[in-house]
Amino acid sequence: MSSAAEPMHDRQATLRDVANAHRPVEWGRWLLWAFVLAVSANFAWIVAWNPNFGWPVVAQWFTAESILRGLYVTLGLTVVAMVIGVIIGLLLAIARLSDDRLFSGLAGLFIWFFRGTPLLVQLIFWYNLSTLFPEISISIPFGPTLVSWHTNDLITPMTAAIAGLSLNEAAYMAEIIRGGLLSVDKGQTEASDAFGMTRARALRRVIIPQAMRSIVPPTGNQLISMIKATSLVSVIAMADLLYSVQAVYNRTFEVVPMLMVAVIWYLIITTVLNIGQGFIERYYARGERGATERMPVIAEATP
Amino acid sequence: MSRIASEGAPLVSARNVHKSFGHNEVLKGIDLDVMPGEVVVVLGPSGSGKSTFLRCINHLEAIDRGSIMVAGEQIGYRLSGERLTKLSPRAIAAQRRQIGMVFQQFNLFPHMTALENIIEAPVGVHGHSRKDATDYAMELLARIGLTEKANAYPRQLSGGQQQRVAIARALAIRPKLMLFDEPTSALDPELVGEVLATMRDLAGQGLTMIVVTHEIGFAREAADRVVFMDGGLVVEQGRPEEVLANPSHPRTRLFLSRFIREAA
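It should be emphasised that the depicted structure is a prediction, and the values quoted were computed from it without experimental measurement.

Calculation notes
- Residues numbered from 1 in each chain as written.
- Chains lettered and ligands numbered in written order.
- Predicted model: local features only at pLDDT ≥ 70, side-chain atom pairs only at ≥ 80, totals over all residues.
- Heavy atoms only, no water.
- Helix = DSSP H or I, 4+ residues; strand = E, 2+ residues; numbered from the N terminus.
- Rg over C-alpha atoms; globule rule 2.2 N^0.38 Å.
- Buried < 20%, exposed > 50% of the residue type's maximum accessible area, 1.4 Å probe, protein only.
- Contact = heavy atoms within 4.5 Å.
- Salt bridge = Lys/Arg side-chain N within 4 Å of Asp/Glu carboxyl O.
- Phe/Tyr/Trp six-rings, centres within 6.5 Å; stacked < 30°, edge-to-face > 60°.
- Expected span 1.5 Å × (residues − 1).
- Arc of directions from axis to C-beta.
- Polar contact = N/O pair within 3.5 Å; in protein donor to acceptor, adjacent residues only side chain to side chain.
- Pairing = 2+ DSSP bridges.
- Axes fitted to C-alpha atoms, helices over the stretch in contact; angles between N-to-C directions.
- Parallel < 35°, antiparallel > 145°, perpendicular 65-115°, else oblique.
- Left-handed = near helix turned anticlockwise from the far one by under 90°.
- Nonpolar A, V, L, I, M, F, W, Y, C, P; charged D, E, K, R; others polar.
- Core = buried A, V, L, I, M, F, W, Y, C linked by side-chain atoms within 4.5 Å.

Caption draft 1: Representation of the overall build of chain A. For chain A, the count of helices and strands is 13 helices and two strands. Its C-alpha radius of gyration of 29 Å places chain A more than 25% over the 19 Å reference for a compact globule of 303 residues. Counting the 303 residues in chain A, one finds 35% classified as buried. The contacts of chain A with a sequence gap of at least 6 include a subset with a gap of at least 24, amounting to 71%.

Now the structure itself:
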């Protein structure tokens, strides 16, 4: 009796083994895919054959020398402004978190001002600094002057753009970095203190590497905004990517094709940056759950 | 148990230590001496101020009144002539370099491997060469039986293993004094034994230790002296066999009876 029942039972167990399960056929999802693909293909077709986009003009100017020069200016300005912004932002964040009222107050004032006013206005102010302060000098307060410059010699479109973009960026980065530093467990600071690390060393070796996990994603965001924010410098006659395409369409009146040149370049840069961000995030995730670099050791609860 | 050097200068000497958090006075005048080589276990109910006192010894908390001396130096202050001045953060950091500390929550650096955790302070703070620090770290890892976990990140270790690495990390600076702040309280019960075994080894090697814990068994086996704290004061202290078997203070008796009932 039981010998006949057992194979039946085994057969049931095999059939019910989820390892052999099939995916249900999802007709709705297939239909949705087909619909979305059809609509996108159609839209791409319409855009590609629409003469108003002027694709031959786009192709002609895409790698033109003046456009590439503008592209280098945009990239260079982004990198320089971002690097200065991150460095000043880090110092501001540390000052903001310090127990010293003077430092945290000054940092707070800086952040309040540069986040509170439009970037465009800041750029115009930097560019026209000479109307406010015709001369810049280093002197003892209320005392003799040591060195002095004419503001117009110092402020070119380039320096105005770098000053405006990086100081504005510093204010935003300061808040991002401060948030990251605060996200690190307090026990880490205590352990660093207990080992007699100086504040600078604790920040560099223990706190900042852990804060990076929450600093990197919003910083990637900032970098992408920065690339586009550099287009504002065209108002102070800085020959960036947007200014370069404007210079062309002001002569040829091919506004849309020239803007498409700029749009495609901006999208290419952003795509490259997104990929880079992914690598950086993986690097700072080491030691986290699921990260298996160096040694795939799994915890075993030994007695 | 004759390790206690009854003569000579104490390594740690706390006098009339007061500490408040806001209006809450946590320490109400602690006096305590710890001799070199002595293992002192501090017992007491939660909120008795025992962890706070421990954290005052390496100035993780600043005290409001009284003084704490470690190895002849006043922690956090300097007396020049008649004038007592606060030390700079840099000078306080220097004072902490002779004191090892083990935390309840381990506080290992999660972005460094076990080995990197252990050599961080010797290389970065004490200026030892990477090779010497690594050699000594591997020796310590061997002593706690975790040689094969040298390259594992803290997340990949069990709680007990993490705490043993944290102990090795504290030992790596060759401290004059080791502070243990409830080292087994965050561990699963089955992992407590391995950490206590490591600590018992250290106690047997003549290291000066101050241990805040709830482990009465550890106090009985490894302590030279048991200090019982309650309400921000030391209410009773003495050899473990005396204090634990025959507590003279009613608060000690109450506290111990609770644990003995649990153990039974």
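From this point on, the discussion continues.
Caption draft 2: Inspection of the pattern of salt bridges at higher detail. Inspection of every chain in the model, using the stated rule, returns 17 salt bridges over all chains. Notably, a salt bridge pairs Glu175(A) with Arg115(A), separated by 3.9 Å at the nearest N-O pair. With Glu175(A) in helix 9 (residues 157-183) and Arg115(A) in helix 5 (residues 101-116), this pair connects stretches of sequence that are 60 residues apart. On the basis of relative accessible area, Arg115(A) is assigned to the partly exposed category, the value being 39%. Its salt-bridge partner being Arg239(B), residue Glu241(B) comes within 3.3 Å of it at the nearest N-O pair. On the basis of relative accessibility, which here comes to 45%, the residue Glu241(B) falls in the partly exposed class.

Caption draft 3: Structural context of the packing of aromatic side chains. All names here are of chain A. Taken as a whole and judged by the stated rule, the model has seven aromatic pairs over all chains. Between the aromatic rings of Phe62 and Trp265, the centroid separation amounts to 4.6 Å while the plane-to-plane angle is 5 degrees, which identifies the pairing as stacked. In this pair, Phe62 is assigned in helix 3 (residues 55-62) and Trp265 in helix 13 (residues 255-284), connecting sequence segments 203 residues apart. For the pair Phe62 and Trp265, one class covers both residues: buried. Their ring planes at 80 degrees and their centres at 4.9 Å tell us that Tyr283 and Tyr284 sit as a pair that is edge-to-face.

Caption draft 4: Region of the structure containing helix 12 (residues 241-252) of chain A. Residue and element names in this part refer to chain A. The end-to-end C-alpha distance of helix 12 is 17 Å, a good match for the 16 Å that twelve residues give at a rise of 1.5 Å each. Listing the buried residues of helix 12 in full gives Leu241, Leu242, Ser244, Val245, Val248 and Tyr249. Down the axis of helix 12, the smallest arc covering the buried residues is 160 degrees, so these residues share one side. The outward face of helix 12, more than 90 degrees from its buried face, is lined by the exposed residues Asn250 and Arg251. One or two steps after helix 12, the chain reaches Phe253, where phi turns positive at roughly 60 degrees.

Caption draft 5: Examining unusual backbone geometry more closely. All names here are of chain B. With a phi close to 50 degrees, Ala71 is a non-glycine residue in the positive phi region. Relative to the helices and strands, Ala71 is located in the loop between strand 4 (65-70) and strand 5 (73-74). Within the chain, Glu182 stands out as a residue other than glycine whose phi angle is a positive 45 degrees. When you line up the elements, Glu182 lands in the loop between strand 9 (177-181) and helix 6 (189-203).

Caption draft 6: Region of interest: the side chain of Ser130(A). Residue and element names in this part refer to chain A. Secondary-structure assignment places Ser130 in helix 7 (residues 129-132). On the basis of relative accessible area, Ser130 is assigned to the buried category, the value being 18%. Engagement of the side chain of Ser130 in a polar contact is seen with the side chain of Asn152, the distance being 3.1 Å. Residue contacts for Ser130: discarding those within four places in its chain leaves Thr151 and Asn152.

Caption draft 7: Quick peek at the sheet that holds strand 8 (residues 99-102) of chain B. Residue and element names in this part refer to chain B. One open sheet accounts for six strands, arranged 8-9-10-3-11-12; its pairing is mixed. Two strands close off the open sheet at either side, each with one partner strand: strand 8 and strand 12 (233-238). Shown here is a sheet whose adjacent strand axes are inclined to one another by a mean of 20 degrees, direction ignored. Bridge count between strand 9 and strand 10 (residues 208-212): five bridges; the pairing is parallel.

Caption draft 8: Focus on the packing of helix 12 of chain A against helix 13 of chain A. Residue and element names in this part refer to chain A. Orientation of helix 12 relative to helix 13, taken along the N-to-C sense of each, is 165 degrees, at an axis distance of 9 Å. Regarding the angle of helix 12 to helix 13, the classification is roughly antiparallel. Crossing hand, helix 12 versus helix 13: right-handed. Contacts between helix 12 and helix 13 involve Leu241, Leu242, Val245, Val248 and Tyr249 from the first element and Val255, Met258, Leu259, Val261, Ala262, Trp265 and Tyr266 from the second. When the residues that make up the contact of helix 12 with helix 13 are grouped by side-chain class, the tally is twelve nonpolar, no polar and no charged.

Caption draft 9: Quick look at the nonpolar core. Membership of the largest hydrophobic core comes to 65 residues, with the highest contact counts inside it found for Ile57(B), Leu177(B) and Ile210(B). Looking at which element gives the most residues to this core, the answer is helix 11 (residues 199-229) of chain A, with eight residues. If we skip the residues at most four places from it in the chain, Ile57(B) touches Val12(B), Ile68(B), Val70(B), Ile75(B), Ile99(B), Leu177(B), Leu179(B) and Ile210(B). Residues Leu140(B), Ala166(B), Ala168(B) and Ala219(B) belong to the second largest nonpolar core, which totals 51 residues.

Nothing here speaks to function; it is geometry throughout.
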